[in-house]
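If you want the building blocks of each chain, they are given just below.
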Amino acid sequence: MASETRLAFSHPSERAIATAGDEPRDRISLRDHIVEVEIGAFQAERGTQQRVRFNVVVEVVPFKGPIDDDVDRILSYDRVTEAIAHELEAERLNLLETLAERIAERILLEPQAMRTFVRIEKMDRGPGELGVEIVRSKRDFGEHLEVLADEVAQEQPRPRLVYLSNDAIAHPELSTWIDELAARKAPLILCVGLPDLERPKTQHKMTQRRIDLLAIEQNGWCLAARDLRCKVVATRTELDWAMKNEQICVWAPSKIVLDAVQGPAVAPKDSVALSAWFAEELDACELVVIGEALPETGATPKRGLALGQALF
């Protein structure tokens, strides 16, 4: 009994270990994540913020094969904090139990997630800390997870991709254009092409492809140097985070292009068409091309603008 009592009040990670069974599982955890929020069924809790602490453990499918220090191959911790933030922002709730259930359900949408422990505690309601803890697995939600997955897919931000020619990157109005684009609702992702510099020529298709992709990334860093709000992003995980947090991105294409199951049919030197492929991958709301001709392919809505032409 003493052991069971100790386990009841220990961190969810200890409960996860104690109830794991024979099947090996990896775990990620979030400890002592504190948010101020309005929640509670009592009248005294309405119209006031109180501190709420979250401790979450997610059991994930053990990764087979090399991780290669690649953030896109694992379940990011950001997915856990995003699940909490989403449910807190969705509506005001009376019960911690409801909040815990919804957070667990959203976490279990992740393909790697098998089971999750969610503990939530109110820190300001009395001399002690009041809380709940739940344990949920995918099978607890059944087909409802499929319904929620469709809803989450519809919630995904649809970015605006803007391709900038080299003349546009060097243009004195660059920061003004970025101001106008950033003021729009859609997340902003900037794309560039090859720089106006000599690069190695190998006469070998695959090696030349990598050289050209890296040259595009170098040009992206040149763009980022022109306006420090622009952050060069190479992974899908970081890109998803950036879109949800209103960060202006410059796409570094190597990783996403080379990792794609069905990669682009165009060569990197056709960088406008490459951007059109990426726009379709992201279900972008629009592709704006400044200073270059529009690509002939791609179903994403497109606009071509000459240098100096009004954006909107």
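Relevant structure appears above.
Residues numbered from 1 in each chain as written. Predicted model: local features only at pLDDT ≥ 70, side-chain atom pairs only at ≥ 80, totals over all residues. Heavy atoms only, no water.

Sheet architecture is open: six strands sit in the order 7-8-6-5-9-10, paired in parallel fashion. Edge strands, defined here as strands with exactly one partner in the open sheet, are strand 7 (230-233) and strand 10 (302-305). With direction set aside, neighbouring strand axes in the sheet form an average angle of 25°. Pairing of strand 9 (residues 286-290) with strand 10, which is carried by four bridges, proceeds in the parallel orientation. Bridge pairing in strand 10 places Val289 opposite Gly304. Contacts from helix 9 (residues 205-226) reach strand 5 (160-164), strand 6 (188-192), strand 7 and strand 8 (248-251) within the one sheet, and its direction differs from that of strand 6 by about 125°. Sitting on the sheet, helix 12 (residues 271-281) is in contact with strand 5, strand 6, strand 8 and strand 9, with an inclination near 170° to strand 5. (Pairing = 2+ DSSP bridges. Helix = DSSP H or I, 4+ residues; strand = E, 2+ residues; numbered from the N terminus. Axes fitted to C-alpha atoms, helices over the stretch in contact; angles between N-to-C directions. Contact = heavy atoms within 4.5 Å.)

A word on the packing of aromatic side chains. Under the definition given, this model contains two aromatic pairs. Members of the aromatic cluster, each reached through a chain of ring pairs, are Trp251, Trp277 and Phe278. The residue whose ring lies beneath Arg125 is Phe42, and the NZ or CZ to ring-centre distance is 5.1 Å. Directly above the ring of Phe312 sits Arg184, whose terminal nitrogen or CZ lies 3.7 Å from the centroid. (Phe/Tyr/Trp six-rings, centres within 6.5 Å; stacked < 30°, edge-to-face > 60°. Lys NZ or Arg CZ within 6 Å of the ring centre and 35° of its normal.)

On to the side chain of Ser137. If you trace the backbone, Ser137 turns up in strand 4 (residues 130-137). Of the residues examined, Ser137 reaches a relative accessible area of 7% and is grouped as buried. (Buried < 20%, exposed > 50% of the residue type's maximum accessible area, 1.4 Å probe, protein only.)

As a further point, take the pairing of strand 9. Most of strand 9 is tucked away, with five of its five residues classed as buried. Going residue by residue along strand 9, you find Glu286, Val288 and Ile290 tucked away on one face and Leu287 and Val289 tucked away on the opposite face as well. As defined by bridge partners, strand 5 adjoins strand 9 across five bridges and the pair is classed as parallel. The residue of strand 9 that forms the bridge with Leu164 is Ile290.

So, on to helix 12. When you tally the buried positions in helix 12, you get nine out of 11 residues, the bulk of the element. Of the residues making up helix 12, those classed as buried are Ser271, Val272, Ala273, Leu274, Ser275, Ala276, Trp277, Phe278 and Ala279. Positive backbone phi, at 50°, marks Asp283, one or two positions downstream of helix 12.

Within the largest apolar cluster, 48 residues are counted, with the highest numbers of intra-cluster contacts made by Leu161, Leu164, Ile189, Leu190, Trp251, Phe278 and Ile290. With six residues, helix 12 is the single largest residue contributor to this core. Ignoring sequence-local partners within four residues, the contact set of Ile290 consists of Val162, Tyr163, Leu164, Ser165, Ala168, Trp177, Leu305, Leu307 and Leu311. Among the nonpolar cores identified, the runner-up in size contains 29 residues, and Val56, Leu99, Val118 and Val132 belong to it. (Core = buried A, V, L, I, M, F, W, Y, C linked by side-chain atoms within 4.5 Å.)

Bringing the environment of Leu75 into the picture now. Note on placement: Leu75 falls in the loop between strand 2 (50-60) and helix 3 (77-90). C-alpha separation for the pair Leu75 and Pro195, spaced 120 residues apart in sequence, amounts to 35 Å. The residues contacting Leu75, other than those within four sequence positions of it, are Ile28, Val58, Val60, Glu110 and Gln112.

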